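Chain residues, written in single-letter form:
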Amino acid sequence: MSFDFNGYRSDGLALAALLVNAVHAGQPPEQLHALLVEQGVIVDDSVLDRAIDLVDWIHGLRRVFAAASAEEAGQTVNELLAKVAFAPHVVDHGNGLHMHYAPPEASTVHRVQTNTAMALALQIAESGVTRFGVCPADSCGRVFVDASRNGKRRYCSGACSNRSNVAAHRARQAAEAGTDRRNI
């Protein structure tokens, strides 16, 4: 999966989820850097010296994904928005006009921060927290963005959904078997 790092909301949401999941998986800053290069966000070593800033930022993004309510998510996003300077402007790279939230001379870390914070802020303002979250599957903890048509996604992947459904089915069967034995 590749993202066109140009300020579109879907790219910012997807980038936020990708970064949060990378940190959740324990990837060190060097691997985060490689991930950003792979996604086309950066093409040089400009983020390595500020990797700790980015990791701290990503922990804040995770708090938004994990928020229990739209109000809590909004408050957390507001805290993130207050940490970065914005200079919104319209840009055309030959593929149509779109928004950039950071000034043209901004560092990669700053661009990642503004893009991910604005994407989450716009999503919360328009849809609340119904289109993203933390996977409820046992021992998963990955975050996800729901781009489905019906907006009913609850798990990060089909695999986590299937494992959880099978575990719930087996638990029901075990409970029924225990009930049947008591009636004998």
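Structure first, text after, so check above.
Residues numbered from 1 in each chain as written. Predicted model: local features only at pLDDT ≥ 70, side-chain atom pairs only at ≥ 80, totals over all residues. Heavy atoms only, no water.

A. Region of the structure containing the nonpolar core. Among the nonpolar cores identified, the biggest contains 33 residues, and Leu19, Leu32, Leu36, Val64, Phe65 and Leu120 are the most heavily contacted of them. When residues of this core are traced back to their parent elements, those giving at least two are helix H1 (9-24), helix H2 (29-38), helix H3 (51-65), helix H4 (70-82) and helix H5 (108-127). Dropping the residues within four chain positions of it, phenylalanine 65 is found in contact with Leu13, Ala16, Ala17, Val20, Leu120, Phe132, Gly133, Val134, Val143, Phe144 and Val145. By size, the runner-up hydrophobic cluster in this structure holds 7 residues, among which are Ala137, Cys140, Phe144 and Tyr155. (Core = buried A, V, L, I, M, F, W, Y, C linked by side-chain atoms within 4.5 Å. Buried < 20%, exposed > 50% of the residue type's maximum accessible area, 1.4 Å probe, protein only. Helix = DSSP H or I, 4+ residues; strand = E, 2+ residues; numbered from the N terminus. Contact = heavy atoms within 4.5 Å.)

B. Summary view of the pattern of salt bridges. By the definition in use, this model includes 2 salt bridges. One salt bridge connects arginine 63 with glutamate 79, and the closest N-O pair in it is separated by 2.7 Å. Residue arginine 63 is located in helix H3, and its partner glutamate 79 is located in helix H4; the two are separated by 16 residues in the primary sequence. By relative accessible area, glutamate 79 is classed as partly exposed at 34%. Between aspartate 146 and arginine 131 there is a salt bridge, with its nearest N and O atoms 3.8 Å apart. On the criterion of sequence distance, the pair formed by aspartate 146 in the loop between strand E4 (143-145) and helix H6 (158-182) and arginine 131 in the loop between H5 and strand E3 (132-134) is long-range, its members being 15 residues apart. (Salt bridge = Lys/Arg side-chain N within 4 Å of Asp/Glu carboxyl O.)

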